[in-house]
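A structural walkthrough
One-letter residues, chain by chain:
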Amino acid sequence: MNAITAIPQGLDLRAEIDRLRKERNAVILGHYYQKPEIQDLSDFVGDSLELSRRAAETDADVIAFCGVRFMAETAKILSPEKIVVLPDMDAGCSLEDSCPPAQFKAFREAHPDHIALSYINCSAEVKALSDIIVTSSSAEKILAQIPKDQKIIFGPDKHLGGYLKRKLGRDMLLWPGVCIVHEAFSETELEKLKLQHPGAPVAAHPECPSHIVDLADYVGSTSGILDYARHMEGGTLIVATEPHIIHQMQKAMPHKNFIGAPGADGNCNCNICPYMALNTLEKLYLALRDLQPRIEMDEGLRLGAKKSLDRMLEMASGTVGQGDLGNR
Ligand code: SF4
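Residues numbered from 1 in each chain as written. Predicted model: local features only at pLDDT ≥ 70, side-chain atom pairs only at ≥ 80, totals over all residues. Heavy atoms only, no water.

1. With respect to the packing of helix α1 (residues 13-23) against helix α14 (residues 281-290)
Threshold: Angles here are taken between N-to-C directions and fall from 0 to 180 degrees, while the axes themselves are lines fitted to C-alpha atoms, restricted in helices to the stretch in contact. Each helix corresponds to a stretch of at least 4 residues labelled H or I by DSSP, and each strand to a stretch of at least 2 residues labelled E; elements are numbered beginning at the N terminus. Between 65 and 115 degrees an angle is taken as roughly perpendicular, under 35 as roughly parallel, over 145 as roughly antiparallel, and anywhere else as oblique. Should the near helix be turned anticlockwise from the far one by less than a right angle, the crossing is left-handed, and should it be turned clockwise, the crossing is right-handed. The contact rule is simple, with two residues in contact once any of their heavy atoms fall within 4.5 Å. Classes in brief: Ala, Val, Leu, Ile, Met, Phe, Trp, Tyr, Cys and Pro nonpolar; Asp, Glu, Lys and Arg charged; the others, Gly included, polar.
Where α1 contacts α14, the two axes come as close as 9 Å, and the packing angle between them is 30°. The angle between α1 and α14 places the two elements in the roughly parallel class. Helix-helix and strand crossings are classified by hand; for α1 and α14 the assignment is left-handed. Mapping the contact onto sequence places L13, R14, E16, I17 and L20 in α1 and L281, E282, L284, Y285, L288 and R289 in α14. The class makeup of the residues in the contact of α1 with α14 is seven nonpolar, no polar and four charged.

2. Things to note about the packing of aromatic side chains
Rule in force here: By convention, a stacked pair of Phe, Tyr or Trp rings (six-membered ring in the case of Trp) has centres within 6.5 Å and planes under 30 degrees apart, an edge-to-face pair has planes over 60 apart, and any other such pair is tilted. Only protein chains enter the accessibility calculation, which uses a 1.4 Å probe; a residue whose area is less than 20% of its type maximum is buried, one above 50% is exposed, and one in between is partly exposed.
Within this structure, the stated rule accounts for three aromatic pairs. An angle of 70° between the planes, with centres 5.7 Å apart, marks the rings of F104 and W175 as edge-to-face. On the criterion of sequence distance, the pair formed by F104 in helix α6 (residues 101-110) and W175 in the loop between β8 (173-174) and α10 (187-196) is long-range, its members being 71 residues apart. By relative accessible area, which is 7% here, W175 ends up buried. With 5.4 Å between their ring centres and 80° between their planes, F107 and W175 make a pair best called edge-to-face. Linking F107 in helix α6 with W175 in the loop between β8 and α10, this pair joins segments that are 68 residues apart in sequence.

3. Remarks on helix α15 (residues 299-316)
Note the threshold: What a helix should span is 1.5 Å times the count of its residues minus one. Polar contacts here mean pairs of N or O atoms no more than 3.5 Å apart (in protein, one a potential hydrogen donor and the other a potential acceptor; neighbouring residues in sequence count only if both atoms are side-chain atoms).
Counted at 1.5 Å a residue, the expected span for α15 with its 18 residues is 26 Å, and the 25 Å between its end C-alpha atoms agrees. Among all positions in α15, only L301, R302, A305, S308, L309, M312 and M315 are buried. Those residues of α15 hidden inside the fold are in contact with α3 (48-57), α4 (69-78), α7 (124-128), β6 (132-134) and α8 (139-144). Near the N-terminus of α15, the side chain that reaches the backbone nitrogen of G300, with its oxygen 3.0 Å away, is that of D298.

4. So, the nonpolar core
Our working rule: By nonpolar core we mean a set of buried residues, namely Ala, Val, Leu, Ile, Met, Phe, Trp, Tyr and Cys, connected to one another through side-chain atoms within 4.5 Å.
Counting 65 residues, the largest nonpolar core has L117, M249 and F258 as the members making the most contacts within it. Beyond its immediate sequence surroundings of up to four residues, M249 is in contact with I225, L226, A229, L237, V239 and F258. Formed by 19 residues, the second largest nonpolar core is a distinct cluster that contains L20, A26, A64 and L281.

5. Brief notes about the sheet that holds strand β10 (residues 218-219)
The cut-off we apply is this: Note: two strands are recorded as paired if DSSP finds a minimum of 2 bridges between them.
Here four strands make up an open sheet; going across it, the order is β10-β9-β11-β12 and the pairing parallel. For this open sheet the edge positions go to β10 and β12 (257-260), each flanked by a neighbour on one side alone. Pairing analysis gives two bridges linking strand β9 (residues 202-204) to β10, with the strands arranged parallel. The residue bridging A203 from the neighbouring strand is Y218, located in β10. Across the sheet, α10 is in contact with β9, β11 (236-240) and β12; its angle to β11 comes to roughly 175°.

6. Observations concerning the pairing of strand β3 (residues 62-66)
With five of five residues buried, β3 is to be regarded as a mostly interior element. Residues V62, A64 and C66 of β3 are buried on one face, and the alternating residues I63 and F65, pointing to the opposite face, are buried as well. Where strand β1 (residues 26-31) and β3 come together, five bridges link them in parallel fashion. Each bridged residue has a counterpart across the sheet, and for I28 the counterpart in β3 is A64. Two strands pair when backbone bridges link them, and β3 and strand β4 (residues 83-85) are joined in this way by three bridges, in the parallel orientation. Each bridged residue has a counterpart across the sheet, and for A64 the counterpart in β4 is V85.

7. Description of the side chain of S130
Secondary-structure assignment places S130 in the loop between α7 and β6. With relative accessibility at 8%, the residue S130 sits in the buried group. In this structure the side chain of S130 is engaged in a polar contact, spanning 2.7 Å, whose partner is the side chain of S118. Residue contacts for S130: discarding those within four places in its chain leaves F104, R108, A116, S118 and S308.

8. What about the packing of α4 against α15?
Where α4 contacts α15, the two axes come as close as 9 Å, and the packing angle between them is 95°. With respect to each other, α4 and α15 are oriented roughly perpendicular. Contacts between α4 and α15 pair T74, K76, I77 and L78 from the former with R302, A305, K306 and L309 from the latter. Grouping the constituent residues of the contact of α4 with α15 by class yields four nonpolar, one polar and three charged.

Spelled out as structure tokens, the structure:
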């Protein structure tokens, strides 16, 4: 019998999670791409860096991160004194998987005159091998502060890197990683959907390939897309990012209509992140009860990764550059 099947039948999971949250002095973080039932019981719902920063500001002893592994690692990097649990340690990310540290190190060594900007969706090891971490909100502002003649490696997301290259006219060497979720949107199906909803704008995450971004009225992060939804004039928005974000949109704006952009088969099920979907109420309950699975990190690695994260925070709080990309 595994731990999940051993949970007593009829146990009120929400009540137990609440009890354990208090008993453990825990803060529960829910990413925008989590199932609605997890978002609804989280102390904070948001995007990855924002969640880690908010948790670091609390006096909680435990962070239960309902998201994916690189996000929980970021929480640990910022809060080394706290216990950080991830309900399912297999909750990875195709971008992280695309960029094994040894290969990334070799790539860097092959290009010694380049600095490395890495999207936050990467392992702690790759963060430690990078010069500056970026989010989709900070990338533009940070790039604007780097001298034009400085050669740059951008990884691991080739679509975000390609978007920045096109928008800023900046040449960069791109690592060939992709987000399997954002890659699954279909241009043909999106065009059909636009015809069915004339006048409805499309908001897309820059992890989408260029043929989807080119159809968008707004390009930005999850937080940026939420903000766009709040301020748009019309009542209908087509959303080209992981569809669980729509839960927050509908809660905040019940009078508006949000439609998930379709995948190739005409429905958006293929755009649900399979890694995020591994987290369940049962696993969250077990994580709080057993304080496992836990993120453990060598202090040298943590400090190496923190250095590139800190550089991002310093540069992002500067005054150079005005990106409208949101935070991811
Ligand atoms: S949505 Fe894409 S980038 Fe985000 S965790 Fe899933 S695979 Fe990774």
